[in-house]
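Structural characterization, general
Listed below, chain by chain, are the residues.
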Amino acid sequence: MIFAAIADIHGNCAALEAVLEDIARLGIKDIVNLGDCFSGPLEAGFTGDVLVGNWIPSIRGNHDRELIERAPEDMGSWERPAHAQMTAAHLDWLQTLPFSMVFKDVAYCCHGSPLGDLDYWLETLSPEGVLKLRPLAEIEARAEGITQPLMLCGHTHIPRAVQLSDGRLIVNPGSVGCPGWKDDTPFDHHVEAGHPLASYAVLEETGRGWQVYFRNIRYDNLAMAEMARVNGIPYLADALENGWLRKRT
C-alpha cells in the first residue's frame, strides 16, 4: 500500500497544484488531506475549486474551523481574506469535514493532535519561542487508545517522523503552502522551514513497516510571495520567497 499525505495548504493553490502533479507523476492514486486548507492572503477560492472538485479524504484544521465558526467581522487577519474568496460550496464542504478520521484502516489522521486541533503532537514550545521535539512519553500519552500502526498530523508545518516504543509511527508531512508562520499565544513563537518548497509525504507499507518519503517540490513561489506582500502580510511574503520570516541577503 502507498499513499500521499498533504497538510497546511493555506490557500497556496500554486503549491497545491505542483504537489498534486508530483503525486500523479509518481503514480500514486490515494491522498489524505490533514487540514488548514484555505486561510491566508493567497488564493483560497482557487484552492477550494481544486479540493472540492477532487475527492480527497480530508479533515478540518483549526483555521478551517474558524472559517465556519466565526462571523467574517470577527475573523483574524488570515481568515478574512480567505473567507472573502470562498463560495457557499467551499464553506459547505468545510462543514462536512471531521475532526479526525481513520484512512484506509491503517492511519489515524488529525490536524493537531487527538487532544485538539491547536495542540502540538510532536513538538513542544520552548521558552525561547521555538518548537522542539516533544519528549516521547508525552507523544505516546497523546496516542493512547489509538490502534492504527500509522498516525498522521499537521499544524506545526514541521516535517517529522516519530517512532513509538511499540514500533508505531507518527508522521507530520510538513506544509504544502506555508513555509513560515508565527503566533503570540501563549507567547511569541515561530516556525521557519528554511526553504520555500512545497512539502508533503509519501507513506509506503513494506515488509519491515511503514516507509516515509518526505518530498519538497519547486513551484512559482515568487508569485505567491508577491501576492502575500501586496495583501499585507510581509513576513509570510518573506517565508514564501526564501523559507525564512525575514529577508535573506
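For the structure, check the block above.
Okay, so let's go over this structure. (Residues numbered from 1 in each chain as written. Predicted model: local features only at pLDDT ≥ 70, side-chain atom pairs only at ≥ 80, totals over all residues. Heavy atoms only, no water.)

1. Digging into the sheet that holds strand β3 (residues 100-103)
So the rule is basically this: The rule for pairing is simple: two strands pair if DSSP sees at least two bridges between them. In this text, helices come from DSSP runs of H or I with a minimum length of four residues, and strands from runs of E with a minimum of two, each type numbered from the N-terminal end. Angles shown run from 0 to 180 degrees and are taken between the N-to-C directions of axes, each axis being a line fitted to C-alpha atoms and, for helices, limited to the stretch in contact.
Across the sheet, five strands lie side by side as β3-β4-β7-β9-β8; this open sheet has mixed pairing. In the strand order of this sheet, the two ends are held by β3 and β8 (160-163), each with one partner. Mean inter-strand twist for the sheet, computed between neighbouring axes without regard to direction, equals 20°.

2. A closer look at helix α8 (residues 234-242)
Inclusion rule: Think of it in three bands: with a 1.4 Å probe and only protein chains considered, a residue is buried below 20% of the maximum accessible area for its type, exposed above 50%, and partly exposed in between. When checking whether two residues touch, look at their non-hydrogen atoms; a contact exists if any pair is within 4.5 Å.
Of all nine residues in α8, seven are buried, a share of seventy percent or more. For α8, every residue scored as buried is listed here: Tyr235, Leu236, Ala237, Asp238, Ala239, Leu240 and Asn242. As for α8, its buried residues are in contact with β10 (180-183) and α7 (221-230). Gly243 sits one or two positions beyond α8 and adopts a positive phi of about 90°.

3. Regarding the pairing of β8
Bridge count for β8 against strand β9 (residues 169-172) is four bridges, and the pairing is antiparallel. Bridge assignment links Arg160 to a residue of β9, and that residue is Asn172. Where β8 folds back on β9, the antiparallel hairpin that results is connected by five residues, among which Gly167 adopts a positive phi of roughly 95°.

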